[in-house]
Amino acid sequence: MDSTNGKGDGLGRPGSVLAVVNQKGGVGKSTTAVNLAASLGESGAHVLLVDLDPQGNATSGYGLDKNQREQCIYDALLGEVPIEQLIEPVEVEGVFVVPSTIQLAGAEIELVSSFSRENKLKSVLQPVRGDFDFVIIDCPPSLGLLTINALTAADGVLIPVQCEYYALEGLTKLLETVRLVKTQLNPALEVFGVVMTMYDRRTRLSQQVVDEVRDFFGERVFETLIPRSVRLSEAPSFGQPGMLYDPTGRGTDAYRRLAKEVVARV
């Protein structure tokens with residue numbers, strides 16, 4: 001990409017779209033979306049983070065007030081507002097956010113009767129995806145219509161998996177959903193990578209889970225392990241990604257390494 005146009009430094013294909021998905025809550029999904037976007041931005045990429053979760057954690061994770069917002073991605077999905085009007089710059093250079101609000105919870109119902117309902121997000125992103133090196137979509141913790149929209153719009157799926165008991169629980173259903181979307185809606189869709197989160201090097205369990213997931217997914221599992229980190233957990237309450245809240249922390253450093261792996265795979 002031509003950086004003279006205010007875009008990234010060609011670190012990915014123009015508009016590489018990654019959907020961060022796991023229908024299981026509490027696996028570090030929004031933390032990964034927020035901190036990966038920040039690390040890619042720091043490395044020189046032009047990044048758009050789309051918050052597709054009605055909980056709005058990626059929105060508040062960048063200090064944007066989801067309760068004082070009149071418009072969000074919901075309005076774009078319903079065709080009422082062009083996405084260009086929703087894109088907001090944040091404190092990390094090169095990173096822009098399309099915010100979410102609780103209004104989005106109603107989109108699942110309202111889109112059901114819409115024509116080409118699974119393609120709404122893909123259509124919404126089309127005018128702007130070429131302006132960014134990466135578009136990262138933070139999906140809700142479910143396999144409903146919003147997540148299907150994200151998978152239909154995406155080039156790849158990034159799956160966060162926590163290093164805890166039952167880590168693989170539900171992943172069969174997720175992979176089946178990815179396969180169905182690939183077959184019926186988006187032939188280009190692939191599992192881009194699996195990132196292990198909440199890794200505790202002091203416990204044998206964490207390493208056992210990593211080994212189990214690597215046995216299952218093979219080379220699709222990133223080498224970088226995201227550690228369990230109090231500082232990373234605190235950062236969203238201050239409206240900052242780890243890079244700003246704890247710039248030299250282990251968690252922040254891990255997301256920087258993950259960003260390098262992501263760039264290398266694109």
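The model shown is predicted, which means the values in this text are computed figures rather than measured ones. (Residues numbered from 1 in each chain as written. Predicted model: local features only at pLDDT ≥ 70, side-chain atom pairs only at ≥ 80, totals over all residues. Heavy atoms only, no water.)

### Brief notes about the confidence of the model for the chain
Detailed conclusions should not be drawn from predicted coordinates in areas where pLDDT is low.
Item 1. In this model, the chain carries an average pLDDT of 92, and 95% of its residues clear a pLDDT of 70 or more.
Item 2. A low-confidence stretch, residues 1-10 stays under pLDDT 50, and its non-local contacts, those more than four residues away or across chains, total 26 contacts. (pLDDT = per-residue confidence, 0-100. Contact = heavy atoms within 4.5 Å.)

### So, the environment of Arg201
Item 1. Along the chain, Arg201 turns up in the loop between β7 (190-199) and α8 (204-217).
Item 2. Arg201 sits in the exposed class, given a relative accessible area of 64%.
Item 3. Taking C-alpha positions, Arg201 is 21 Å from Phe217, a pair spaced 16 residues apart along the chain. (Helix = DSSP H or I, 4+ residues; strand = E, 2+ residues; numbered from the N terminus. Buried < 20%, exposed > 50% of the residue type's maximum accessible area, 1.4 Å probe, protein only.)

### What to know about unusual backbone geometry
Item 1. Non-glycine residue Ser116 carries a positive phi angle of around 50 degrees.
Item 2. Relative to the helices and strands, Ser116 resides in the loop between α4 (107-111) and α5 (120-125).
Item 3. On the accessibility criterion, Ser116 (32% relative accessible area) is partly exposed.
Item 4. Phi at Met198 takes a positive value of approximately 60 degrees, unusual for a residue other than glycine.
Item 5. Looking at the secondary structure, you find Met198 in strand β7.

### Brief notes about the nonpolar core
Nonpolar side chains tend toward joint burial in soluble globular proteins.
Item 1. With 53 residues, the main nonpolar core has Ile73, Leu121, Leu125, Ile137 and Met196 as its most contacted residues.
Item 2. No other element matches the six residues that helix α6 (residues 145-153) contributes to this core.
Item 3. Excluding anything up to four places from it in sequence, Ile73 contacts Val50, Asp51, Leu52, Ile83, Leu86, Val98, Pro99, Ser100, Leu104, Leu121 and Val124.
Item 4. Within the second largest apolar cluster, 32 residues are counted, among which are Leu36, Ala37, Met243 and Tyr255. (Core = buried A, V, L, I, M, F, W, Y, C linked by side-chain atoms within 4.5 Å.)

### Looking at α6
Item 1. Judged by how many residues are buried, α6 sits mostly within the fold: nine of nine residues are covered.
Item 2. Buried within α6 we find Leu145, Leu146, Thr147, Ile148, Asn149, Ala150, Leu151, Thr152 and Ala153.

### Re the packing of aromatic side chains
Item 1. Tallied over the full model, the rule gives five aromatic pairs.
Item 2. Here Tyr165 and Tyr166 contribute two aromatic rings whose centre-to-centre distance is 6.4 Å and whose plane-to-plane angle is 50 degrees, an arrangement assigned as tilted.
Item 3. Among the residues examined, Tyr165 registers a relative accessible area of 61% and is labelled exposed.
Item 4. Sitting over the ring of Phe222, Arg265 keeps its end group 3.9 Å from the ring centre. (Phe/Tyr/Trp six-rings, centres within 6.5 Å; stacked < 30°, edge-to-face > 60°. Lys NZ or Arg CZ within 6 Å of the ring centre and 35° of its normal.)

### Examining the pattern of salt bridges
Oppositely charged side chains may form a pair once their charged atoms are brought near each other.
Item 1. Using the criterion set out here, one finds 13 salt bridges in the structure.
Item 2. A salt bridge links Glu88 to Arg69, with the nearest nitrogen and oxygen atoms 2.3 Å apart. Of this pair, Glu88 sits in strand β3 (residues 88-89) while Arg69 sits in the loop between α2 (57-60) and α3 (73-77), and the two are 19 residues apart along the sequence.
Item 3. Take Glu88: its relative accessible area is 23%, and that puts it in the partly exposed class.
Item 4. A salt bridge links Arg179 to Glu176; the shortest N-O distance between them is 2.9 Å. Taken as a pair, Arg179 and Glu176 lie in helix α7 (residues 171-184) at a separation of three residues, close to a single helical turn.
Item 5. Each of Lys29, Asp53 and Asp138 takes part in a single network of salt bridges with overlapping partners. (Salt bridge = Lys/Arg side-chain N within 4 Å of Asp/Glu carboxyl O.)

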